Amino acid sequence: MELTKSQTQHIAELARIKLTEKETGKTQSDLSTALKYIEVLDELDLEDIEPTAQITRLSNIYREDELKEPQTLSQSETLSNAPHQSNGYFSVPRVL
Amino acid sequence: MPYYPVIGLEIHIQLKTQTKMFCGCSAEIWPPAAKALGGKAAAPNTHTCPTCLGLPGALPTINKRAVEQVIRMGLALNCTINQNSYFERKNYFYPDLPKGYQISQHRKPLCVNGQLPVNGQIVGITDVHLEEDTGKSIHEKLQPTTYNLQPTNGEHTLLDFNKSGIPLMEVVSEPDIHSAEQAVAYCKLIQQIVRFLGISDGDMEKGQMRCEVNVSVARLASDIATQQDSNSATQPHSCTATQLHSKLRQNLPPTTYHLPPYRVEIKNLNSFRFVQKAIEYEIQRQTEALENGEHLIQETRGFDEEKEITFSQRSKEQAHDYRYFPEPDLPPMKLSDKEIERLRAQIPELPHEAKRRLVDKLGLKPSQAEIISREQSTLSYFDQLVKLNLLTDKAANLIVNQPELIEQYSPQELVNYLEKQAVEQIGDENALMQIARKIIEANPKPVKDYKSGKETALQFLVGQMMRETKGKAEPQKAADILKVVLKRN
Ligand SMILES: [Zn+2]
């Protein structure tokens, strides 16, 4: 499948990646090639096959709702890698 | 031309668990000690770990209790349980969502296709699913001095991830609601049900329950037909507001209507009053717009809590594109019939069921039943009074009219108290009888006057009774007793 330019731009926006005109063209053709590569799978007859979401064959792996040995960090540890902080909060450019 | 409101609700409810949905952090972000001191939340970013902060490499694990709570809610809403259910990633960017995706459910939610009777009308439940809450954003302009290093001029969003990862249940209704009142009744019932199930406190002020409404207005198919037949725009309404209302009461569709091609979404309504006001405003706004020949668009609107109006949130974001896919870090959930039945057995009588029992089986007035079934503690108090052989009407009246007694006594104590009171009353009557006899004996003249028809003479005798009892007797009661004794005399 050949991606259109607007599809490419849409994907870039969803990923919050800014593309120049030139980069958009290159990404469009790169992604199209990648899609074509896996298109071979379309040849398989999957009529009666349930989509696979997991290959571990595990199910029902639960954690009991008990407070024991939580990995909880202190406030200063939590904020230790924050580029900006204020009074115990992370601080980011205003979004609203 | 009447328009027919078409309303659906999405209600988010934080579940009451000890730990978060996908990590072992404490979910108690309103510490009980602080609650007593005025309900202060925990200090920001103190209930956080690599998982709920979305740090690379951290892996989620599923909180079993949260899954069970959602299944119990689904069963309470007559849903079918998806026996093969799983979590998916809902991808979007927002600062309060540190992973860049929310673990949620999309294709196989835990519960689907339910229904709930609300004031005698059925509201369809599309699904009940489980996800994780996001962090909390505070948009404030603060003094630049309180920051270390600022990317913009004091315009900041502050983030607290304490609530990130708290189990969040979403109840999605079908667009089966047709008035603001019915929407509020539905929200209230959902709140009562989660409280009866003990799965959430549903405290809206604390954000434990958040409502989102989808509103549009439809024209009735009959109206459209009438208009086309007569080829005239001045045709009288084929269904008046009153007729419409009565049809709704009977739970009949008001003739058919076409689902409108747009809907307006209003998010984050955190009180029943706001749900009511936002819907009323939208119905009016949309009706007027359509009557003026305007074209309504699909949009998300905000609600101005002060002005009680909705406003367009012009956002540059294009149509949602969440690119859901199964969460690879979490194995699917397979729910056996046995497990489902075990959870079903844990569901108590629900408020709407209790209300029906109180009216149909015990003969209470709907208004009494409404008050008694609102809270589980009140309902169980009432049931205990009835078990202790108090008449249902007497028990209902006590609960409705004398909440101070309910507060003060246990059901058994209250019954004892009422018995004692009755005995004392009888004792009082006996004492008053004796006094009345004494006074009648001592005052032959007024007695004779009264017997010969002078009603006013009784007043004198009542006065004597009051004096004798030092004013403790009730005048009306004293008069009644005097009359009884005079008749026998
Ligand atoms: Zn955590």
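Above this note sits the structure.
What you see is a predicted model, and the numbers here were worked out from it, not measured in a lab.

Some details on the pairing of strand E1 (residues 3-14) of chain B
Residues and elements named next belong to chain B.
Then, in step 1: For E1, the buried fraction is high: 12 of the 12 residues fall into the buried class.
Then, in step 2: The pairing of E1 with strand E11 (residues 167-173) spans five bridges and is antiparallel. Bridging from a neighbouring strand, His12 pairs with Glu170 of E11.

So, the coordination of the zinc ion
Residues and elements named next belong to chain B.
Then, in step 1: Around the zinc ion, the protein contributes the donor atoms Cys23 (SG), Cys25 (SG), Cys49 (SG) and Cys52 (SG), which lie 2.3 to 2.4 Å from the metal centre.
Then, in step 2: Considering all four donor atoms around the zinc ion, angles at the metal cover 100 to 115° and the coordination shape is tetrahedral.
Then, in step 3: Sequence positions of the donors to the zinc ion reduce to the motif C-x1-C-x23-C-x2-C.
Then, in step 4: By relative accessible area, which is 5% here, Cys23 ends up buried.
Then, in step 5: Since its relative accessible area comes to 0%, Cys25 is described here as buried.

Re the interface of chain B and chain A
Then, in step 1: The interface of chain B with chain A comprises 60 residues on the first partner and 39 residues on the second.
Then, in step 2: Looking at the side of chain B facing chain A, the largest losses of area belong to Lys64, Phe93 and Pro331 of chain B, adding up to 12% of the total buried there.
Then, in step 3: At the junction of chain B and chain A, the tally comes to one salt bridge.
Then, in step 4: Joining chain B to chain A, the criterion identifies 24 residue pairs in polar contact (both at pLDDT 80 or more).
Then, in step 5: When residues of the side of chain B that touches chain A are traced back to their parent elements, those giving at least two are strand E2 (62-63), helix H2 (64-76), strand E9 (136-141), strand E10 (155-160) and strand E17 (333-334) of chain B.
Then, in step 6: In terms of residue count, the dominant contributor to the side of chain B that touches chain A is E10 of chain B (six residues).
Then, in step 7: Looking at the side of chain B that touches chain A, its residues break down into 29 nonpolar, 19 polar and 12 charged.
Then, in step 8: Sheet topology note: the strand E1 (residues 62-63) of chain A/E2 of chain B ladder contains two bridges and is parallel. In the strand pairing of E2 of chain B, Arg63 of chain A is matched with Asn63 of chain B.

Examining the pattern of salt bridges
Residues and elements named next belong to chain B.
Then, in step 1: In the structure shown here, the tally under the stated rule is 30 salt bridges over all chains.
Then, in step 2: Across the pair Arg89 and Glu327 runs a salt bridge whose closest N-O atoms are separated by 2.9 Å. On the criterion of sequence distance, the pair formed by Arg89 in strand E5 (residues 88-91) and Glu327 in the loop between strand E16 (325-326) and E17 is long-range, its members being 238 residues apart.
Then, in step 3: A relative accessible area of 2% means that Glu327 is categorised as buried.
Then, in step 4: Note that Glu339 is salt-bridged to Arg342, the shortest N-O span being 3.0 Å. Taken as a pair, Glu339 and Arg342 lie in helix H7 (residues 337-344) at a separation of three residues, close to a single helical turn.
Then, in step 5: Given a relative accessible area of 37%, Arg342 falls into the partly exposed group.
Then, in step 6: Counted as one network, the salt bridges with shared partners bring together Glu282, Arg285, Glu299 and Arg301.

With respect to the packing of helix H15 (residues 456-468) of chain B against helix H16 (residues 475-488) of chain B
To describe two helices that pack against each other, one gives the angle between their axes and the distance between the axes.
Residues and elements named next belong to chain B.
Then, in step 1: Packing of H15 against H16 leaves a shortest axis separation of 9 Å and a crossing angle of 115°. Where H15 crosses over H16, the handedness of that crossing is right-handed. Contacts between H15 and H16 involve Leu458, Leu461, Val462, Met465 and Met466 from the first element and Pro475, Ala478, Ala479, Leu482, Lys483 and Leu486 from the second.
Then, in step 2: Of the residues contributing to the contact of H15 with H16, the split by class is 10 nonpolar, no polar and one charged.

Re the sheet that holds E16 of chain B
Residue and element names in this part refer to chain B.
Then, in step 1: The strand order across the open sheet formed by three strands is E6-E5-E16, and the pairing between neighbours is antiparallel. Edge strands, defined here as strands with exactly one partner in the open sheet, are strand E6 (101-104) and E16.
Then, in step 2: Examined bridge by bridge, E5 and E6 share four bridges and lie antiparallel to one another. Counterpart to Lys90 in the pairing with E6 is Gln102.

Some details on the layout of surface pockets
All names here are of chain B.
Then, in step 1: Taken as a whole, the second largest pocket spans an internal volume of roughly 650 Å³.
Then, in step 2: Asn119, Leu189, His352, Lys355 and Glu370 are, among the 24 residues lining the second largest pocket, the residues nearest its centre.
Then, in step 3: Taken together, the residues of the lining of the second largest pocket sort by class into nine nonpolar, six polar and nine charged.
Then, in step 4: Counting contributing residues per domain, the lining of the second largest pocket is built from domain 1 (4-219 + 257-342) and domain 2 (349-408), each supplying no fewer than three.

A closer look at the sheet that holds strand E15 (residues 309-312) of chain B
Whenever strands of a sheet pair, they do so through backbone hydrogen bonds, lying parallel or antiparallel.
Residues and elements named next belong to chain B.
Then, in step 1: Judged by pairing direction, the sheet is mixed, and its nine strands sit side by side in the order E3-E7-E8-E11-E1-E12-E13-E14-E15 without closing on themselves. Only two strands of the sheet have a single partner each, and these edge strands are strand E3 (80-81) and E15.
Then, in step 2: Pairing analysis gives 11 bridges linking E1 to strand E12 (residues 209-219), with the strands arranged antiparallel. Following the sheet pairing, Tyr4 is matched in E12 by Ala218.
Then, in step 3: Contacting E3, strand E7 (111-118), strand E8 (121-132) and E11, H2 runs over the sheet at an angle of about 175° to E8.

Definitions and limits used
Residues numbered from 1 in each chain as written. Chains lettered and ligands numbered in written order. Predicted model: local features only at pLDDT ≥ 70, side-chain atom pairs only at ≥ 80, totals over all residues. Heavy atoms only, no water. Buried < 20%, exposed > 50% of the residue type's maximum accessible area, 1.4 Å probe, protein only. Helix = DSSP H or I, 4+ residues; strand = E, 2+ residues; numbered from the N terminus. Pairing = 2+ DSSP bridges. Donors = N, O, S within 2.8 Å, 3.2 Å for Na, K, Ca; no water. Tetrahedral: all angles 85-135°; square planar, octahedral: opposite > 155°, others 65-115°. Contact = heavy atoms within 4.5 Å. Buried area = accessible area lost by both parts, 1.4 Å probe. Salt bridge = Lys/Arg side-chain N within 4 Å of Asp/Glu carboxyl O. Polar contact = N/O pair within 3.5 Å; in protein donor to acceptor, adjacent residues only side chain to side chain. Nonpolar A, V, L, I, M, F, W, Y, C, P; charged D, E, K, R; others polar. Axes fitted to C-alpha atoms, helices over the stretch in contact; angles between N-to-C directions. Left-handed = near helix turned anticlockwise from the far one by under 90°. 1 Å grid on protein atoms, 1.4 Å probe; cavity = no way out; pocket = protein on both sides within 12 Å on 5 of 7 lines; lining within 4 Å. Points joined across faces, edges and corners; volume = space filled by probe spheres on them. Domains from an automatic or database assignment.

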